[in-house]
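# Secondary and tertiary structure notes
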Amino acid sequence: MRKLLVLVCFLVLSCNQVAKTTSVIEKNIICEDCLVTKEETAVGIAESVLFESYGKDKIEGERPYRVTIEKDSIWHLEGTFWSVGFGGVFDISISAKDGKVVEMFHGK
């Protein structure tokens, strides 16, 4: 049983190292009246708000970010949890229409 646990931990940590170096395909929103149409813009807005609220080192430690588009009008970004055990990551939603933060929190 102990060998199985060690093997599982090794595989999880190995996968995490690969994920840290993997680049993400950039996403775009096709919307004529939206201000935030590119993933890089949404990430820039999110980082500026998150750095101010939770600290730059903490948020940068949660890279790569998972970025999705909800209903073609909301950017949703989540951090990556790299530790073994308990903890949390940021979660932020940004309106593509005006760039305003719709919702933001950080798990513990």
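Residues numbered from 1 in each chain as written. Predicted model: local features only at pLDDT ≥ 70, side-chain atom pairs only at ≥ 80, totals over all residues. Heavy atoms only, no water.

Moving on to helix 2 (residues 39-54). Counting along an α-helix, one turn takes 3.6 residues, and residues three or four places apart therefore face a common direction. Between the first and last C-alpha of helix 2 there are 21 Å, a value that for 16 residues agrees with the 22 Å anticipated at 1.5 Å per step. Along helix 2, the residues that are buried comprise Glu-39, Ala-42, Val-43, Ala-46, Glu-47 and Leu-50. The buried residues of helix 2 occupy an angular sector of 130 degrees when projected down its axis, which confines them to one face. On its buried face, helix 2 sits against helix 3 (56-60), strand 1 (66-70), strand 2 (74-78), strand 3 (90-95) and strand 4 (101-106). A positive phi of about 100 degrees marks Gly-55, the residue just after helix 2. (Helix = DSSP H or I, 4+ residues; strand = E, 2+ residues; numbered from the N terminus. Expected span 1.5 Å × (residues − 1). Buried < 20%, exposed > 50% of the residue type's maximum accessible area, 1.4 Å probe, protein only. Arc of directions from axis to C-beta. Contact = heavy atoms within 4.5 Å.)

Moving on, we get to the nonpolar core. Taken as a class, soluble globular proteins show a tendency for nonpolar side chains to be buried jointly. Formed by 17 residues in total, the largest nonpolar core has its most connected members in Trp-75, Leu-77, Phe-90 and Ile-92. Counting residues per element, this core draws most heavily on helix 2, which supplies 4 residues. If near-sequence neighbours (up to four positions away) are discounted, Leu-77 is found in contact with Ala-42, Val-43, Ala-46, Arg-66, Val-67, Phe-90, Asp-91, Ile-92 and Ile-94. (Core = buried A, V, L, I, M, F, W, Y, C linked by side-chain atoms within 4.5 Å.)

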